[in-house]
Amino acid sequence: MASSVRSHYERKEIESLFQVQPRAAQLLLEMLPTTAIGRSRLVERQVLAEFLDRIHKANDPSAELELIRAQGGEVSRKKLRTLVRRDVEPLQLDSLPANIEFIPGQMIVSFRTIEDLAQAMYSLARAIETDGDELAKRYEVQEVADDGSPKRSEFEAMLEELSNLEATRGNSATPLQRPTAS
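Residues numbered from 1 in each chain as written. Predicted model: local features only at pLDDT ≥ 70, side-chain atom pairs only at ≥ 80, totals over all residues. Heavy atoms only, no water.

1. Re helix H5 (residues 114-139)
Here H5 contains 26 residues, and its C-alpha end-to-end distance of 25 Å is more than 12% below the 38 Å for a straight helix at 1.5 Å per residue. For H5, the full list of buried residues reads Ala120, Ser123, Leu124, Arg126, Ala127, Asp131 and Leu135. Along its buried surface, H5 packs onto strand S5 (100-103) and strand S6 (106-109). (Helix = DSSP H or I, 4+ residues; strand = E, 2+ residues; numbered from the N terminus. Expected span 1.5 Å × (residues − 1). Buried < 20%, exposed > 50% of the residue type's maximum accessible area, 1.4 Å probe, protein only. Contact = heavy atoms within 4.5 Å.)

2. Overview of the pattern of salt bridges
This model, assessed by the stated rule, comprises seven salt bridges. Note that Glu15 is salt-bridged to Arg11, the shortest N-O span being 2.1 Å. With Glu15 and Arg11 both in helix H1 (residues 11-18) and four residues apart, the pair spans about one turn of that helix. Residue classification places Glu15 among the buried positions, given a relative accessible area of 18%. Of the charged contacts in the structure, one is a salt bridge between Arg69 and Glu66, with a shortest N-O distance of 2.5 Å. Residue Arg69 and its partner Glu66 are both found in helix H4 (residues 61-71); the two are separated by three residues, about one turn of the helix. Where salt bridges share partners, they join Asp94, Glu134, Lys137 and Arg138 into one cluster. (Salt bridge = Lys/Arg side-chain N within 4 Å of Asp/Glu carboxyl O.)

3. Notes on the packing of aromatic side chains
One pair of aromatic rings is described through two measures. These are the centre distance and the angle between the planes. Tallying each qualifying case throughout the model produces one aromatic pair. Ring plane angle 25 degrees and centroid distance 4.8 Å describe the contact between Phe102 and Tyr139, whose orientation is recorded as stacked. Taken together, the residues span a long stretch of sequence, with Phe102 in strand S5 and Tyr139 in helix H5 at a distance of 37 residues. On the basis of relative accessibility, which here comes to 23%, the residue Tyr139 falls in the partly exposed class. (Phe/Tyr/Trp six-rings, centres within 6.5 Å; stacked < 30°, edge-to-face > 60°.)

4. Some points on the nonpolar core
Grouped together as the largest cluster of nonpolar side chains are 13 residues, with contacts concentrated most on Ile14, Leu28, Leu32, Val43, Leu48 and Phe51. In this structure, Val43 is in contact with Ser7, His8, Tyr9, Ile14, Leu29, Leu32, Pro33, Thr34 and Leu48, ignoring residues within four places of it in sequence. Of all hydrophobic cores here, the second largest spans nine residues; its members include Leu96, Ile100, Leu124 and Ala127. (Core = buried A, V, L, I, M, F, W, Y, C linked by side-chain atoms within 4.5 Å.)

5. Side note on the pairing of strand S2 (residues 34-37)
The sheet contact formed by S2 and strand S3 (residues 40-44) spans three bridges and is antiparallel. For Ala36, the partnering residue across the bridge sits in S3 and is Arg41. Hairpin connection from S2 to S3: two residues lie between these consecutive antiparallel strands, with Gly38 at a positive phi of about 65 degrees. (Pairing = 2+ DSSP bridges.)

6. Points about the confidence of the model for the protein chain
Here the protein chain averages 79 in pLDDT, and 76% of its residues register 70 or above. Of all helices and strands in the protein chain, the one with the weakest mean pLDDT is strand S4 (residues 75-76) (56), whereas S6 scores best (92). (pLDDT = per-residue confidence, 0-100.)

This is how it looks when you write it as C-alpha cells:
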C-alpha cells in the first residue's frame, strides 16, 4: 500500500486488497474516518495505512480493533481536493516507448517477444486514457472532401442506396450513419 499512488480506497478495493466479503469491507469503512462521495464512502490511503500500522504494532490486535470500533469512524464533510483512483501513473503521449510509431491512420509496433508487445500495448492504453483526445487529433485520418472523382461518387451513391433500402424495409427506425471512405 505504501507504493500505491491512489489517494483513496472504496469498499470494492478494500475487498480485493484484504480478500474479504463486501460486508466485512463495509464494517472496516465504518470504523475509519471516511469521505462521502455520493453513496460511496472513501477512506484516505494514509488513514488506512495508519490503521494497519496501529493494528500491527498492538500487543493485543483484538483489543485494539475493539478500541478503534468503539471510537467509530466519522464521515467528513470536507470536499476532496484530489482523488487518484488508479495505481498506475498516467503516461503522456510523448512518453510512449520508442517501439510504437504513429502516422495518420496507422500504428507500427516493433517487438521481439510477446512481453515486449504486451508492454507496448499497456503503455498505449495508459497514454490513451491520459491523452486520448490529443492522440485522436494527431493521428486519426480526417475525412477527405468529395473531390468529384467517379469512384468516390459511385461509392457515395451505393451507400445512399443501401441506406434508403434499409429505411424502406423498416429494419431500422432511422437510417444508419454512413461510413466515410478514406
